[in-house]
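This is what each chain is made of:
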Amino acid sequence: MQPIIELEKVTKRFGGITALNNASLKVNKGEVVGLIGDNGAGKSTLIKTLVGVHNPDDGDIKIRGDKVNNWNALKAREAGIETVFQDRALCPQQSIVWNIFMGKELKYPFGFIRDKEQITEANRLIREIGFTSKLINAESPVGNLSGGERQGVAIARAIYNNAELIILDEPTNNLSLNETQKVFDFVLNVKKSNRSVLFIGHNIYHVYDISDRFVILDRGEVVHHLDKENIQSPEELMKIMRDTIKSH
Ligand SMILES: Nc1ncnc2c1ncn2[C@@H]1O[C@H](COP(=O)(O)OP(=O)(O)OP(=O)(O)O)[C@@H](O)[C@H]1O
Ligand SMILES: [Mg+2]
């Protein structure tokens, strides 16, 4: 099977700091990959390189098997890669439908927005990804939503933008157990639709629960690729992470 995206031996330096050193990672269709590592390990740098915000100093990026050149954020989005940053991307005063269609509205030839169609589509999208509350619909203001539900709106927007790979940067930070469960449900629905998720997290328990595979970063280096089926518990994953950090 062809991975959607591959990072091959990528190195990224900032002045004297090597933020990524020979790092490789791939994401296949329909899988959830958990990216973990301590503060400063290079997780954000890795994602930003993947989505064309940073140019690697060395190494290759491949999309569906083909090496890319002059990779940038626009090309990454056109290739179906969407990143959801926590709390940052949404406009809380506006409705769910407004947030989903922001910048990519459905319009009539004279520029008027096709409101009804957008509402219908937004309602379909939020149900598809797993919004169950009867109190919430496309016209609800995002400001009234819980943290988990806001992640859901951002994920719905990514799907509307034809994302095949959705990158979630610490999506469960500051969320209650209940809200975290909502985010997990959304992620599982994304997976069910045969899209892929790269899930970045500090909380090993969250990453363990939701991922099919784990990639551990330590000081810019990918030190482990692990399949969930070989790791019996989050404690085991935690121990592997601690041991590598100690011995590295
Ligand atoms: N734009 C930048 N300029 C200079 N140094 C940077 C820049 N971005 C990251 N770094 C450095 O690269 C290293 C990796 O940082 P990065 O933000 O990728 O880590 P992280 O794993 O995302 O950490 P955290 O868990 O704290 O978000 C750090 O030493 C950081 O200070
Ligand atoms: Mg980071």
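1. Structural notes on the sheet that holds strand β4 (residues 58–63)
Taken in spatial order, the four strands line up as β2-β1-β4-β5 in an open sheet, and their pairing is antiparallel. What marks the edges here is a single partner per strand, and that holds for β2 (17–27) and β5 (66–67). Its contacts with the sheet put helix α1 (residues 43–50) on β1 (5–14), β2 and β4, and the angle it makes with β1 is roughly 120 degrees.

2. Quick word on the environment of N137
Looking at the secondary structure, you find N137 in the loop between α4 (115–128) and α5 (147–160). Sequence separation between N137 and M1 is 136 residues; the distance between their C-alpha atoms is 38 Å.

3. Digging into the nonpolar core
With 67 residues, the main nonpolar core has I155, I166 and F199 as its most contacted residues. The biggest single contributor to this core is α5, with six residues. With residues near it in sequence (within four places) discarded, I155 still touches V84, I129, I166, F186 and V190.

4. Here's the deal with the site of ligand 1
Neighbouring ligand 1 are the residues F14, I17, A19, G37, N39, G40, A41, G42, K43, S44 and T45. Breaking the shell around ligand 1 down by element, the ones donating at least two residues are β2 and α1. Partitioning the shell around ligand 1 into residue classes produces four nonpolar, six polar and one charged.

Reading the values: the criteria
- Residues numbered from 1 in each chain as written.
- Chains lettered and ligands numbered in written order.
- Predicted model: local features only at pLDDT ≥ 70, side-chain atom pairs only at ≥ 80, totals over all residues.
- Pairing = 2+ DSSP bridges.
- Helix = DSSP H or I, 4+ residues; strand = E, 2+ residues; numbered from the N terminus.
- Contact = placed C-beta atoms within 7 Å.
- Axes fitted to C-alpha atoms, helices over the stretch in contact; angles between N-to-C directions.
- Core = buried A, V, L, I, M, F, W, Y, C linked by C-beta atoms within 7 Å.
- Buried ≥ 20, exposed ≤ 12 C-beta atoms within 10 Å, placed from the backbone.
- Near = placed C-beta within 6 Å.
- Nonpolar A, V, L, I, M, F, W, Y, C, P; charged D, E, K, R; others polar.

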